[in-house]
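# Fold and geometry: a report
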There are 2 protein chains.
Amino acid sequence: MNTLPEGLVDALARDRADNLAGFRHRFVVPDHELIYLDGNSLGRLPKTTNAKLHELVDREWGDRLIRSWNEGWFDAPQRVGDKIAELLGAASGEMLVADSTSVNLFKLGLGAMRHQAGRHKIITDDLNFPSDLYIMQGVIKSLDRPCHLEVVHSDDGIHGPLDKLLNAIDEDTALVTLTHTVFKSSYTYDMELITRRAHEKGAMVLWDLSHSVGAVPIHLNACDVDLAVGCTYKYLNGGPGAPAFLYVRKDLQDRLENPISGWMGQKNLFQFTLDYEPEQGIRHFLTGTPSILSLTAIEPGLSLLLEAGMDNIRQKSLNQSAYLIDLWESELEPLGFRLNSPRDPAVRGPHISLGHDEGLRIDRALIEKKNVLPDFRRPDNIRLGIPPLYTSYEDIWRAVQAMKDVVVNRIYEEFSTEAPVVT
Amino acid sequence: MNTLPEGLVDALARDRADNLAGFRHRFVVPDHELIYLDGNSLGRLPKTTNAKLHELVDREWGDRLIRSWNEGWFDAPQRVGDKIAELLGAASGEMLVADSTSVNLFKLGLGAMRHQAGRHKIITDDLNFPSDLYIMQGVIKSLDRPCHLEVVHSDDGIHGPLDKLLNAIDEDTALVTLTHTVFKSSYTYDMELITRRAHEKGAMVLWDLSHSVGAVPIHLNACDVDLAVGCTYKYLNGGPGAPAFLYVRKDLQDRLENPISGWMGQKNLFQFTLDYEPEQGIRHFLTGTPSILSLTAIEPGLSLLLEAGMDNIRQKSLNQSAYLIDLWESELEPLGFRLNSPRDPAVRGPHISLGHDEGLRIDRALIEKKNVLPDFRRPDNIRLGIPPLYTSYEDIWRAVQAMKDVVVNRIYEEFSTEAPVVT
């Protein structure tokens, strides 16, 4: 008679008690041996996505051809945007899906800075996703007045510098832009607190929700958020490079310019007049023709999240993170792994980063030798994504055993310290 | 014994003699009764596109997951760009596929204007696609010096104002930006002549190739073109809203800024440093994460064009346009149809616009009653797209008979003069 390891028995019991466990079967899982812990970078493929794409390609493109623009495509950026709005506590007509997160940041960042004439400062932190800083550096070059980006530094590289940020916001601050859940450590900001402080000082906020959307409950309207962007290919499972979303609070929509003023945001665009005159409402934040294939692939994943419910998702996420941190403490900390995410669940998002001096080589060994797939973020972070909809406790337990094995048996030593292009 | 109308017999004979006729069978044509004349707006679906998307979704996304970024996705914008470069007489490494045509126009237009410090004028014409003007109006707002857009007007609304344009280019001209084949009349500019004049005066050129790419031979390097953009969903058959391309001549790549400076254009992007430092070469014109689904769908159509050869395609296009103009002259002109495209094939692109006082209602009647699908462009243009790879002479003959019938029997009278959202 085989007896299972005690830890595995415990993990399997947790899976049986998990009321969201059934959602795993709504995703394509072709390789059941693979332990996929990178859904924070690219979410899994929902089972209904292929049928949806087939319908789009065969019937809407192949058969209906150009007529499909009047039969749903033209409204797609708003239709998918409304579904995301439902997930994020925003109203219908406050969101669009279009372009990339970086392009949307540029549009809203520059639009906000022009609106905030007379103020000179954009505030962010050094835990933000670098593209957000690069884009703000570009925004500043496109302004008609000298402005600067103030980057507030984290003390430990893990926790957001909340107090320093709150103190930095002053009467000269035009815009505060932060990633809600930061990409390395998973630290998650208090959206309501920062937004309120910004508003007290007359500043606007622009939140990047890429690493929290679909995993952490977000209430954009309740927090009175001005502007937000985010990506759809992580916890929303929209597919590689799926178009991003943007949010503009209703009362700001007609007061903010879209600096990349293209025809999709033009009033009565098929009149083809020569001077740009923005459409009213959210639609003037569109620029070019939307990518219908990529847009369409976003809807199946969104439906799954709405069906599961954000509060249920967050509860499972908290349970699984706590479970992983417990395993880390008992089995991995003695082997040199550090917890590079906040211990306090109130300020922690959905992924967990574990640091190790041999982090990169351990990551390579997990992928090549153990069929465990996290990612690696410099300098030392093995980043473990545990999207609640398809990650099992068994996955987590097995991943921890694999990390132990890689270190105890020095399996990582055969790997190079040079990273592949995409880590 | 049935006897076919003489005109149809003639059309069928032309189809039998057409050495590109076989390419029609490489596209999905589910409704053989539909006469599709809007491939200049949305190209048909190549038969191999579905298999390619399946491979992408099932294997690359569903199975390989995040690993696919290292197994082809990361290079996709350049790989597909190189294929377009082959079609347009540009070198490998001079093109990218990313974002929309409008976003690419903004990047290259603003990049060029910053490079041309000290000059104050952008020149375009009133036949240009309006989005191109809207974008340039946005570019001007993002400059640190007062600049203006000079719109040169066409005398007849059909022919480009070539001489007036050449005369307008002066020492204060920073940039000349035109659509190569204009969207209403199909007038096609002499790319070499305008580019040379611009260079003589120290100006740069930015060509929008959306309505000529895949139908008119283009030689970007031979014409010494500085910058170009274009769309992939018309004659390239890349699918609805497929991402656009951009071209930057090799020697300019490291001298021009990408104003929407995102992480995909960053040097060693996975180092995640906080200051933007552009990658060398074409790649720094990338901004955000590319839409892999939409990008992948572009390749099958491109392969068909490369296989057919641009000179063969242009020859068939000229033959079919001449045939259509002959039919117009003998059968439609007497019914009040006007030729709103140039008569001279040397300055005409691949589509033909026919004007009529009842243009909009005729267009609606063709679609609703005759299963003929052109589009309509204000004020009076019935725009007939005849992409050589899948349009038959029989299609053209039948479309002309349908237009006759709609006017002779006043079928259009039951339709409203109000246009649907997308015309």
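Cut-off values and rules
Residues numbered from 1 in each chain as written. Chains lettered and ligands numbered in written order. Predicted model: local features only at pLDDT ≥ 70, side-chain atom pairs only at ≥ 80, totals over all residues. Least-squares fit on C-alpha atoms with pLDDT ≥ 70 in both. Helix = DSSP H or I, 4+ residues; strand = E, 2+ residues; numbered from the N terminus. Contact = placed C-beta atoms within 7 Å. Axes fitted to C-alpha atoms, helices over the stretch in contact; angles between N-to-C directions. Parallel < 35°, antiparallel > 145°, perpendicular 65-115°, else oblique. Left-handed = near helix turned anticlockwise from the far one by under 90°. Core = buried A, V, L, I, M, F, W, Y, C linked by C-beta atoms within 7 Å. Buried ≥ 20, exposed ≤ 12 C-beta atoms within 10 Å, placed from the backbone. Domains from an automatic or database assignment. pLDDT = per-residue confidence, 0-100. Nonpolar A, V, L, I, M, F, W, Y, C, P; charged D, E, K, R; others polar. Expected span 1.5 Å × (residues − 1). Pairing = 2+ DSSP bridges.

### Structural notes on the relation of the copies chain A and chain B
Rotating chain A by 180 degrees and translating it 0.0 Å along the rotation axis places it on chain B, where the RMSD comes to 0.0 Å. The relationship between the two copies is best expressed as a two-fold rotation axis. Proximity to the rotation axis, assessed at the C-alpha, singles out A:Ser142 in chain A; its C-alpha lies 2.3 Å from the axis.

### So, the environment of B:Pro334
Mapped onto the secondary structure, B:Pro334 falls in the loop between helix H10 (310–332) and strand S9 (338–339). C-alpha separation for the pair B:Pro334 and B:Val139, spaced 195 residues apart in sequence, amounts to 46 Å.

### As for the interface of chain A and chain B
Counting residues at the interface gives 74 residues for chain A, matched by 74 residues for chain B. Broken down by secondary-structure element, the contributors of at least two residues to the side of chain A that touches chain B are helix H2 (49–63), helix H4 (101–115), helix H5 (130–141) and helix H8 (292–296) of chain A. For the side of chain A that touches chain B, the element with the highest residue contribution is H5(A), accounting for eight residues.

### Let's talk about the packing of helix H11 (residues 359–370) of chain A against helix H12 (residues 393–408) of chain A
All names here are of chain A. Following both chains from N to C, one finds H11 and H12 inclined at 110 degrees, their axes separated by 10 Å at the closest point. Viewed along their axes, H11 and H12 adopt a mutual orientation that is roughly perpendicular. Of the two possible hands of crossing, H11 and H12 adopt the one that is right-handed. Seen from H11, the contacting residues are Ile362, Ala365, Leu366 and Lys370; seen from H12, they are Ala402, Met403, Val406 and Val407.

### What to know about the nonpolar core
A:Leu227, A:Leu246 and B:Leu246 are the most contacted members of the largest nonpolar core, which has 248 residues in total. Contact partners of A:Leu227, with chain neighbours within four places excluded, come to A:Leu108, A:Ala112, A:Met204, A:Val205, A:Leu206, A:Tyr247 and A:Val248.

### Focus on the domain arrangement of chain A
Residue and element names in this part refer to chain A. Domain parsing of chain A yields domain 1 (6–45 + 309–414) and domain 2 (50–306). Averaged C-alpha coordinates put domain 1 and domain 2 at centres separated by 29 Å. Counting residues at the interface gives 27 residues for domain 1 and 23 residues for domain 2. Counting residues per element, the ones that place at least two in the side of domain 1 that touches domain 2 are helix H10 (310–332) and strand S10 (351–355).

### Quick notes on the confidence of the model for chain A
On average, chain A scores 97 in pLDDT, and the residues at 70 or more come to 100%. As a predicted assembly, this complex carries a pTM of 0.98 together with an ipTM value of 0.97.

### Points about the packing of H10(B) against helix H12 (residues 393–408) of chain B
Residues and elements named next belong to chain B. Between H10 and H12, whose axes approach to 10 Å, the crossing angle comes to 25 degrees. The angle between H10 and H12 falls in the class roughly parallel. Regarding H10 and H12, the two cross each other, and that crossing is right-handed. Note on element contacts: H12 touches H10 through Tyr393, Ile396, Trp397, Val400, Met403 and Lys404, opposite Gln320, Tyr323, Leu324, Leu327, Glu331 and Leu332. Its residues assigned to classes, the contact of H10 with H12 comprises nine nonpolar, one polar and two charged.

### Topic: helix H3 (residues 76–87) of chain B
Residues and elements named next belong to chain B. In this model, H3 (twelve residues) spans 17 Å end to end at C-alpha, consistent with the 16 Å of a helix rising 1.5 Å per residue. Of all twelve residues in H3, nine are buried; the element is thus mostly enclosed. Residues Ala76, Pro77, Gln78, Val80, Gly81, Lys83, Ile84, Ala85 and Leu87 constitute the buried set of H3. Of the residues trailing H3, Gly89 is marked for its positive phi of about 65 degrees.

### Examining the pairing of S10(A)
Taken residue by residue, a regular strand's side chains alternate between the two faces of the sheet. All names here are of chain A. Counted residue by residue, S10 has five buried out of five residues, so it is predominantly covered. Judged by which residues are buried, S10 turns out to be covered on both faces: His351, Ser353 and Gly355 on one side and Ile352 and Leu354 on the other are all buried. Here two bridges tie strand S9 (residues 338–339) to S10, and the two strands are oriented antiparallel to one another. Residue pairing in the sheet places Arg338 in a bridge with Gly355 of S10. With five bridges joining them, S10 and strand S13 (residues 381–385) adopt antiparallel strand pairing. Residue Ser353 lies in a different strand from S13, and its bridge partner there is Arg383.

### Remarks on the sheet that holds S9(B)
Within the open sheet, the four strands sit side by side as S9-S10-S13-S12 (chain B). Their pairing is antiparallel. The sheet terminates laterally at S9 and strand S12 (375–377) of chain B, the two strands that pair on one side only.

### Side note on the sheet that holds strand S8 (residues 245–248) of chain A
Sheet strands associate in pairs through backbone hydrogen bonding, adopting either a parallel or an antiparallel arrangement. Residue and element names in this part refer to chain A. If you walk across this open sheet you meet the seven strands as S2-S8-S7-S6-S5-S3-S4, and the pairing is mixed. In this open sheet, the two strands that pair with only one neighbour each are strand S2 (95–97) and strand S4 (148–152). Going across the sheet, the axis of each strand differs from the next one's by a mean of 15 degrees, ignoring polarity. Examined bridge by bridge, S2 and S8 share three bridges and lie antiparallel to one another. Across the sheet, residue Leu96 finds its bridge partner in S8, namely Leu246. Across the sheet, helix H7 (residues 191–200) touches strand S5 (173–179) and strand S6 (204–208), and the angle it forms with S6 is around 155 degrees.

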